Amino acid sequence: MNKIILIFILVTSFTYGQNQKINKDNPGTTKTDDYLEEDWRELSKHGQHVEAASELIFLSMSDSTRNKHADYWHIGQVYAFDNQYKKAVFYIKESMKGKSENDDEQFWWYYKGTLAFLQKNKNELKKYYDLLEKNHTNYYSNNAKVLKRLFENFEEPYSQAFPK
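As the structure is a prediction and not an experimental result, all values here were calculated from the model.

Asker: Explain the side chain of Ser60 to me, using residue names and the numbers behind them.
Answerer: Within the secondary structure layout, Ser60 lies in helix H3 (residues 49-62). If sequence neighbours within four positions are ignored, Ser60 has contacts with Arg66, Lys68, Asp71 and Tyr72.

Here's what the structure looks like:
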């Protein structure tokens, strides 16, 4: 019986430690993956975009069960907010690897419009903004608003053109 209790304690301790990461805010302590998930958003919100991208890259590479498409999209956005458009384009393209317009037409238009903004192609942005504006469902109404704002504020950096 004592062996079973000891094994249970060891397994529980090991499992708990597996989703702990070093807490750089308080050395010697750890934080969970859930905290890290929130952490990158907070970092980005406070203008620490490179740090936010680093957290997301770490999360994406350290957990094979994560949604890589969403992670790469957000990494791209974070780099775009930092005006690092080459990196942003790279990760946003990575987010759509293996996907096509047939998978989700309206998101595809949002993706192509976002890329067009980052690559400074106003005609291409207009094309995808028009498609999404005229043909979006309620689910994609925010994406249509984003493309509209990117188009209307084309000369601004992404961080200024993107709706708050």
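Okay, back to it.
Asker: Requested: an account of the environment of Ser141, with residues and values cited.
Answerer: Summarising the element assignment, Ser141 is placed in helix H8 (residues 141-152). Look at Ser141 and you get partly exposed, because its relative accessible area is 22%. Between the C-alpha atom of Ser141 and that of Gln106, which follows or precedes it by 35 residues, the distance is 10.0 Å. Polar contacts involving the side chain of Ser141 include one to the main-chain carbonyl oxygen of Asn138, which spans 3.0 Å.

Asker: Pulling in residues and values, what's your account of the packing of aromatic side chains?
Answerer: Here the structure, examined in full by the defined rule, presents 14 aromatic pairs. Three or more aromatic residues joined by ring pairs make a cluster, and in this case those are Phe81, Phe117, Phe154, Tyr158 and Phe162. In this arrangement the basic side chain of Lys122 is found over the ring face of Phe151, its NZ or CZ atom lying 5.1 Å from the centre. Here the guanidinium or amino end of Lys126 rests over the ring plane of Phe151, the centre of that ring lying 5.4 Å away.

About the thresholds
- Residues numbered from 1 in each chain as written.
- Predicted model: local features only at pLDDT ≥ 70, side-chain atom pairs only at ≥ 80, totals over all residues.
- Heavy atoms only, no water.
- Helix = DSSP H or I, 4+ residues; strand = E, 2+ residues; numbered from the N terminus.
- Contact = heavy atoms within 4.5 Å.
- Buried < 20%, exposed > 50% of the residue type's maximum accessible area, 1.4 Å probe, protein only.
- Polar contact = N/O pair within 3.5 Å; in protein donor to acceptor, adjacent residues only side chain to side chain.
- Phe/Tyr/Trp six-rings, centres within 6.5 Å; stacked < 30°, edge-to-face > 60°.
- Lys NZ or Arg CZ within 6 Å of the ring centre and 35° of its normal.

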